[in-house]
Structure formats: C-alpha cells, structure tokens
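Residue strings, one per chain:
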Amino acid sequence: MIEYSAAREERALAASRLAASAIFFVGGAGLTVWATFIPLLKVRAGLDDAQIGMVLLCVSLGCLCGMPAAGVLRPRLGPIRSGALAGIAFAAAICAPGLGWSMPLLAGAAYLIGLSFGFLDVCINAHVSALERELGRPIMSSAHAFFSIGNVSGALIGGVLIGAGLGIPAGLGIASLLLIAIAAIASSWLWLPEAHVREAHSTSVFQLPSRTIIGLGVLTVLAFIVELALIDWGALYLVQVTGSPPAQAAYGVAAFSLAMAIGRFRGDRIVHRYGEVATIRVSAVIAIIGIAAIVLAPTALIALPGFAVAGFGIANMVPILFSLSGRMPGVAPTAGIAMTVTIAYGGGLFGPPLVGFVAHTQGMRAAFVMLIGGALVITALVRWIIPRNLRQ
C-alpha cells in the first residue's frame, strides 16, 4: 500500500509539473501573440513610438496590481484553484487589444493583460518552487523553457494570423480561444502534496524585503527590461529599422524565443555544473553579443541570428533569480518570489517608456544599444548581490 501511494504521488507530481509547464506556455504564447500585432495596433490607433511605450507601461502597471492580488487570492483559493484561474484569465485577456481602436482603449487592454499576467506569474512560479522542494532538484529553468516555447508559438501563430489577412479582433480572438482551451485542460492536472497546500493557505506574501531580496529584484529588473524589450519591440524594430513586413518581422521574436527555450531546457544542468553567478555573468555577455549583432545588422535576415544569440544569453537569468528567491532562508517561497517579482516589475515600469522615448528621440537602434548597457550592469553586480549561502 505504501509503495502504491508513493508511486501514485510520483505520477501526480510529474503530471503537475507538466501542467504548470503548460500554463507557462500559455503565458509565453499570449505575450508574443499580442506583441506581434503591435505594429498593426499602432497604425490602427495612430500612435507613435513614445505612445506605444506608454501602452506597454500599462502592462507593467497591471502586473504590479496582479501580484498583490495573487498574494491575497492564492492563500484563500489555494494553490490549485489560483493556478487554474490565473491561466484561464490571462488567456481570455489576450483578445482585449482587438477592441483597442484608440490610445485609452488600447492602454486599458494592455493593463488587463498585465493584471492577469502578474497574477499568473506569482501563482505558477510559486507552484514550481513547491515542486522543486518536493522533487529535491532544480526544475525552474526547464519550466520556464515552456514559457519560451510559448513565445515561439505565439510569434509564429501571430505571423500566420497576420499573413492570412485576418483582422485584429478575429486574429486575437482565435488565439485567445486556443490558449483558454490549453489552460483549462492543464488546470485539471495541477496538484501538490497536502503539506504544500496547507502552507499556501497559511502564507502571506506581505513582508518587508531584505537587502538580498532587493538585490535579486534589481538584477531581475535589468534582465526583465532586456528580455521584454526584445519581445515587445523586436517586431517593431525589424519593421522600422530594416523595412521588414509585419508578418516576417514576427520571426525575429520567434528566433529569440526559440533560442531562449533551448537555453532553458539546458539551464538546470548548466547551473548545477557551473553555479548561479558564473551562469548569469556568461549569459549576460552572450546577450550583449547578440544585441550588438542586431544593432549592426542592415537587414532583417542578417538580424535574425542576433535575436537567436540574445535569446540564448538571456534565457536563464530570470529563472535562476526566481529560484534563488524561492529558497531564501527564513522566507516562505511564495513570499520570496512575490517580493522579487514585484520589485522587478516595479522597476520594469521604467523600461517600456524609456525604450519608447529613446526610440522616438534617438531612433530604435539607440534604444537597443541601451539594452547592452543593462546587460553590462548585470555582469558587474551579480557577484556582489548573490550571497554564498544561496549558491549551489
């Protein structure tokens, strides 16, 4: 009987890991589907680069509201129901920009996407952190790999929908329905042992962050700005700088996301072998090389390898930082992740408008050069921020 129960629990953990990965997939696909429509949304609403930056700022504002909501709802709903709600709500929000015929409507839709994604981000990362502790091995990078696979799929789906000539509401509506179905099916397989469920019900995420948490949050801010800028602005960069058609520009985001997925599937082994600090520093250098290649590329075809190199470089930064936050001594995993993510998105508020302002005043290439500076700061600070007692 004991052996049967242990085997059944092992199968349930494996299924729960796959379900959480599927919801990560939904998150990644949703973000890039709507990002590939940004050039069309920009033209339809008559916006410039600075205004698009403000629309993307609304995504970050929504995330900041969604994270405290996760802190309130996850203990009340429990980790299973909150994870299910997070995936389905985010998938449904993806269709909202289809109604964004003006700046206020598009900003409101972006806020709704951010609100639901912030809720999803905390709930599913906390779920994977609990699975890591139960399994006794790192799985965060490989779980985030499905987010990157979702990015690739979302970019490809967006390119196909745009290329097929579907209107913005129809294209985003079809993508939203598909992602809702995936999230609903995955939710039925989410599971955690009873001890983790009780912990989630009794844990509050409202704690004052320590200096280490603040430091991890700062690193995550910089990594987020680089990662999200390449996703949110990648298609627009290729359209404006290289003259690529919108449907083809989506493949730059796809190349970036595919390389991220490959890097994340290898990430757990790389971290185990070389440690967090060395992995992050080398990753930042690779990202710098990739972004530099994008900036110097005269055509979209030549820029695509740069997107791939940058994706491979940025791949494991955020998963490593989330994993570290989830195992802070004396801090509940949900609390550590929630604090780091909130700091990251709080600082990330400045990312979209800053990129938009620089692109509007100095050009899109100058905005991407700025991302190189962010990666350089990561290489300089990471050794001093991550304490030895957290390193593997």
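Notes on the structure in this doc start here. (Residues numbered from 1 in each chain as written. Predicted model: local features only at pLDDT ≥ 70, side-chain atom pairs only at ≥ 80, totals over all residues. Heavy atoms only, no water.)

**With respect to the nonpolar core**
Formally: Among buried residues, the Ala, Val, Leu, Ile, Met, Phe, Trp, Tyr and Cys ones that are joined through side-chain atoms within 4.5 Å form a nonpolar core. A simple rule labels every residue: compare its accessible area, found with a 1.4 Å probe on the protein chains alone, to the largest value its type can have, and call it buried under 20%, exposed over 50%, or partly exposed in between. Every helix listed is a DSSP run of H or I at least four residues long, and every strand listed is a run of E at least two residues long, numbered separately from the N terminus.
Residues W34, L230, W233, I291 and F368 are the most contacted members of the largest nonpolar core, which totals 125 residues. With 16 residues, the top contributor of residues to this core is helix α9 (residues 211–242).

**Quick word on the packing of helix α6 (residues 140–163) against helix α13 (residues 317–325)**
The condition is simple: Every angle, taken between N-to-C directions, lies between 0 and 180 degrees, and every axis is a line fitted to C-alpha atoms, over only the stretch in contact when it is a helix. Working definition: roughly parallel below 35 degrees, roughly antiparallel above 145 degrees, roughly perpendicular at 65 to 115 degrees, and oblique for all remaining angles. The handedness criterion is simple: a crossing whose near helix is rotated anticlockwise from the far helix by less than a right angle is left-handed, and one whose near helix is rotated clockwise is right-handed. Throughout, a contact is declared for two residues whenever any of their heavy atoms are within 4.5 Å. Under the convention adopted here, Pro, Cys and the residues Ala, Val, Leu, Ile, Met, Phe, Trp and Tyr are nonpolar, Asp, Glu, Lys and Arg are charged, and Gly plus all remaining residues are polar.
Running from N to C, α6 and α13 cross one another at 135°; their axes reach a closest spacing of 9 Å. As judged from the angle between their axes, α6 and α13 are oblique. When the axes of α6 and α13 are compared, the crossing they make is right-handed. Across the interface between the two elements, M140, S141 and H144 from α6 touch V318, P319, F322 and S323 from α13. Its residues placed into classes, the contact of α6 with α13 shows four nonpolar, three polar and no charged.

**Description of the packing of helix α4 (residues 79–93) against helix α7 (residues 168–187)**
Running from amino to carboxyl end, α4 crosses α7 at an angle of 175°, the nearest separation of the two axes being 8 Å. Overall, the two elements α4 and α7 adopt an arrangement that is roughly antiparallel. Of the residues in α7, those in contact with A84, G87, I88, A91 and A92 of α4 are S176, L179, I180, A183, A184 and S187. Its residues assigned to classes, the contact of α4 with α7 comprises eight nonpolar, three polar and no charged.

**Considerations on the layout of surface pockets**
Note the threshold: We place a 1 Å grid over just the protein atoms. Points where a 1.4 Å probe fits but has no way out form a cavity, open points with protein on both sides within 12 Å along at least 5 of 7 lines form a pocket, and any residue with an atom within 4 Å of a point lines it. Grid points are joined across faces, edges and corners, and a volume is the space filled by probe spheres set on the points.
The volume enclosed by the largest pocket comes to roughly 170 Å³. G263, I270, Y274, A278, T279, V282, S283, I286, F312, G313 and N316 are the residues that line the largest pocket. Every element with two or more residues in the lining of the largest pocket is listed here: α10 (246–274), α11 (276–296) and α12 (300–314). Considering every element that reaches the lining of the largest pocket, the biggest residue donor is α11, with five residues. Tallied by class, residues from the lining of the largest pocket come to six nonpolar, five polar and no charged.

**Digging into the environment of V128**
With respect to the helices and strands, V128 occurs in helix α5 (residues 103–135). Between the alpha carbons of V128 and M67 there is a distance of 16 Å; along the sequence they are 61 residues apart. Not counting residues up to four positions away in its chain, the partners in contact with V128 are A20, F24, I139, M140 and A143.

**Concerning a nonpolar patch on the surface**
Note the cut-off: Two joining distances apply to patches: 9 Å for like charges and 5 Å for nonpolar side chains (Val, Leu, Ile, Met, Phe, Trp, Tyr), and every residue must have over 30% relative accessible area and no salt bridge. Only the protein chains shown count as covering a residue, and every accessible area follows the Shrake-Rupley method with a 1.4 Å probe. What makes a salt bridge here is a side-chain nitrogen of Lys or Arg within 4 Å of a carboxyl oxygen of Asp or Glu, nothing more.
There is a patch of nonpolar side chains on the surface, built from I214, V218, V377 and L381 and spanning about 270 Å² of accessible area. Elements represented by at least two residues in the nonpolar patch include exactly α9 and α16 (364–385). In this structure, L381 sits in helix α16. According to the relative accessible area criterion, L381 is partly exposed, its value standing at 32%.

**A closer look at the packing of aromatic side chains**
Applicable threshold: Aromatic rings from Phe, Tyr and Trp, taking only the six-membered ring of Trp, are treated as a pair when their centres fall within 6.5 Å; an angle between ring planes under 30 degrees marks them as stacked, one over 60 as edge-to-face, and anything in between as tilted. Whether a charge sits over a ring comes down to the Lys NZ or Arg CZ being within 6 Å of the ring centre and within 35 degrees of the ring normal.
Within the structure shown, the criterion is met by five aromatic pairs. Each member of the aromatic cluster is reached from another via a ring pair, and the members are F90, F117 and F147. Cation over ring: R44 sits above W101, and NZ or CZ is 3.9 Å from the ring centre. Above the plane of the ring of W384 lies R383, whose end atom (NZ or CZ) is 5.4 Å from the centre.

**A few points about α7**
As a reminder, the rule being used: To estimate how far a helix should extend, the number of its residues minus one is multiplied by 1.5 Å. The arc in question is formed by the directions pointing from the helix axis toward the C-beta atoms.
A rise of 1.5 Å per residue sets the reference length of α7, with its 20 residues, at 28 Å; its end C-alpha atoms lie 28 Å apart and thus fit the reference within 8%. Within α7 the residues assigned to the buried category are I168, G171, L172, A175, S176, L179, A183, A186 and S187. One side of α7 holds all its buried residues, which, seen down the axis, span an arc of 125°. Turned more than 90 degrees off the buried face of α7, the exposed positions are L177 and I185.

These figures come from the coordinates and say nothing about function on their own.
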